[in-house]
Amino acid sequence: MTFAALAAALMLAGPVSTPVTLDSQPAPLHGALLTPEGATHAAAVIIAGSGPTDQDGNSPLGVRGNMLKALAEGLADQGVATLRYDKRGIAASAAAAVSEAELTFGHMVDDARAWAAEAATRTGQPCVWLIGHSEGALVAQLAAADNPQVCGLVLLSPVGQKASDQIRAQLDAALPEAMKPAALAALDDLAAGRTTANVPGLEALFRPSVQPYLISYISQDPIALIAAYDGPVLLGHGTTDLQVPADNSERLAAAQPRAKLVLFDGANHLLRAAPMDRAGNMATYGDANAVLDAGVVPAVAGFILAPR
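Residues numbered from 1 in each chain as written. Predicted model: local features only at pLDDT ≥ 70, side-chain atom pairs only at ≥ 80, totals over all residues. Heavy atoms only, no water.

**Some details on the overall build of the protein**
Part 1 of the argument: Each helix and strand in the protein was counted, giving twelve helices and eight strands.
Part 2 of the argument: The globule rule puts the C-alpha radius of gyration for 308 residues at 19 Å, and the 20 Å found for the protein is close to it.
Part 3 of the argument: Viewed in the frame of its principal axes, the protein has a C-alpha envelope of about 80 × 45 × 35 Å.
Part 4 of the argument: Counting across all 308 residues of the protein, residues that qualify as buried make up 50%.
Part 5 of the argument: Sequence separation of 24 or more characterises 67% of the internal contacts of the protein that already satisfy a separation of 6 or more.
Part 6 of the argument: Summed over its atoms, the accessible surface of the protein is roughly 13500 Å², and 58% of this surface lies on carbon and sulfur atoms.
Part 7 of the argument: Distance from the positive charge centre (18 side chains) to the negative charge centre (29 side chains) of the protein: 1 Å. (Helix = DSSP H or I, 4+ residues; strand = E, 2+ residues; numbered from the N terminus. Rg over C-alpha atoms; globule rule 2.2 N^0.38 Å. Buried < 20%, exposed > 50% of the residue type's maximum accessible area, 1.4 Å probe, protein only. Contact = heavy atoms within 4.5 Å. Areas by Shrake-Rupley, 256 points an atom, 1.4 Å probe, with all protein chains shown as cover. Lys, Arg positive; Asp, Glu negative; His and termini not counted. Charge placed at Lys NZ, Arg CZ, Asp CG, Glu CD.)

**Details of helix α10 (residues 247-255)**
Part 1 of the argument: Here α10 has its buried residues at N248, S249, L252 and A253. Taken end-on, α10 shows its buried residues confined to a sector of 140°, consistent with a single buried face.
Part 2 of the argument: In the core, the buried residues of α10 are packed alongside α9 (222-228), β7 (233-238) and β8 (260-264). (Arc of directions from axis to C-beta.)

**With respect to the pairing of β8**
Part 1 of the argument: As judged from the five bridges shared by β7 and β8, these two strands associate in the parallel manner. For G238, the partnering residue across the bridge sits in β8 and is F264.
Part 2 of the argument: The parallel pair β7 and β8, bridged by α10, forms a crossover whose chirality is right-handed. (Pairing = 2+ DSSP bridges. Right-handed = clockwise from strand over helix to strand, strands pointing away.)

**Considerations on the sheet that holds strand β6 (residues 150-156)**
Part 1 of the argument: Strand order across the open sheet formed by eight strands is β1-β2-β4-β3-β5-β6-β7-β8, with mixed pairing between neighbours. Strand pairing shows two members of the sheet lacking a second neighbour, β1 (16-22) and β8, which therefore form its edges. Strand-to-strand twist in this sheet, taken as the mean axis angle between neighbours without regard to direction, amounts to 20°.
Part 2 of the argument: The sheet contact formed by β6 and β7 spans four bridges and is parallel. Along β7, the bridge assignment pairs V154 with L234.
Part 3 of the argument: Together, β3 (42-47), β5 (128-133) and β6 form the strand contacts of helix α4 (residues 135-144), whose direction differs from that of β5 by roughly 150°. (Axes fitted to C-alpha atoms, helices over the stretch in contact; angles between N-to-C directions.)

**Structural notes on the pattern of salt bridges**
Part 1 of the argument: Inspection of the entire model under this criterion finds nine salt bridges.
Part 2 of the argument: The closest approach of N and O atoms between R207 and E100, which form a salt bridge, is 2.6 Å. Residue R207 is found in the loop between α7 (203-206) and α8 (211-218), and its partner E100 is found in the loop between β4 (80-85) and α3 (105-123); the two are separated by 107 residues along the sequence.
Part 3 of the argument: Classification of E100 by relative accessible area gives partly exposed; the value is 32%.
Part 4 of the argument: A salt bridge links R122 to E118; the nearest nitrogen and oxygen atoms lie 2.7 Å apart. Linking R122 with E118, this pair stays in helix α3, spanning four residues, or about one helical turn.
Part 5 of the argument: Residue class for R122 comes out partly exposed when judged on its relative accessible area of 40%. (Salt bridge = Lys/Arg side-chain N within 4 Å of Asp/Glu carboxyl O.)

**A word on the packing of helix α6 (residues 180-191) against α8**
The geometry of a pair of packed helices is captured by two quantities: the angle between their axes and the separation between those axes.
Part 1 of the argument: Orientation of α6 relative to α8, taken along the N-to-C sense of each, is 70°, at an axis distance of 8 Å. If you check the angle between α6 and α8, you find them roughly perpendicular. Residues L187, L190 and A191 of α6 form the contact with α8, whose participating residues are Q211, L214, I215 and I218. (Parallel < 35°, antiparallel > 145°, perpendicular 65-115°, else oblique.)

**Details of the packing of helix α5 (residues 163-174) against α6**
Part 1 of the argument: Between α5 and α6, the least distance of the axes is 10 Å, while the angle of their chain directions is 175°. With respect to each other, α5 and α6 are oriented roughly antiparallel. Contacts between α5 and α6 involve S164, I167, R168, L171 and D172 on the former and, on the latter, K180, A183, L184, L187, D188 and A191.
Part 2 of the argument: In terms of residue class, the contact of α5 with α6 is built from six nonpolar, one polar and four charged. (Nonpolar A, V, L, I, M, F, W, Y, C, P; charged D, E, K, R; others polar.)

**Examining the pairing of β4**
Part 1 of the argument: Of all the six residues making up β4, six are buried; the element is thus mostly covered by neighbouring parts of the structure.
Part 2 of the argument: Burial along β4 is two-sided: V80, T82 and R84 facing one way and A81, L83 and Y85 facing the other are all buried.
Part 3 of the argument: As judged from the four bridges shared by strand β2 (residues 29-35) and β4, these two strands associate in the antiparallel manner. The residue bridging A32 from the neighbouring strand is R84, located in β4.
Part 4 of the argument: For β3 and β4, the ladder comprises five bridges, and the chain directions are parallel. Within β4, the position partnered with A42 by the bridge is V80.
Part 5 of the argument: Once the chain exits β3 it traverses helix α2 (residues 67-77) before rejoining the sheet at β4, and the crossover so formed is right-handed.

Laid out in structure tokens, this is it:
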């Protein structure tokens, strides 16, 4: 190899991204394993938040900027390999969608557990970390329960209350008084594990086909889960998160005193610099040039790699 060729090869060196396919029904799931240029000191699975979010953290609903890809790249520079994936029914995993009437929260938990096993096999690590963002934090908590393949949890912008309580507060704040009794009664049915009648004006929320998913989702209690978890936990939250305020992480930390809480000053739900002003805060969601808060990668990598 000539000197010029060697120099060019060195310039191109860096983390290696490998497509990964995971067997599933009705079709395979797809993701990417990003391994460090040098030695791999730890491995993690990155679990995206709610909605049609792909492995990079982007969504056709207006979220851009490759948040999760940036997190993976930053961790690779610190020696942490990551496996991130397109959610079932999204992007390259679109063919793996199940019908809305069949989908439950358990599908996402089972997928996360399967990706954790795949990450451990591919990296040769005895266990892997689960890094969950927003709703993905709840998925991570459930996937980690009684799972020896999980080293610990990194919960970023997590919800710190039952979804039923969160939805109840949102409905109470947003609905006209005349609609509240029917809406809250329907929510009570779902929280008790029963299907319910649709609510006029709220068909999008209470349509029959989505009720099995809602029943499986709103019964989960992140406070009880973190209190029972005996592995290491990092809670990371932005102080200008308007979507899931930082007091959610504070409630989780209170329930599990061994957890480490890190607040990223001036960062929003996507862990990007953002003002408290709602318009300015929301504008960062669609900004393709927005970057992660500078404290996120050091906090996550430092926690994962800390001696124990």
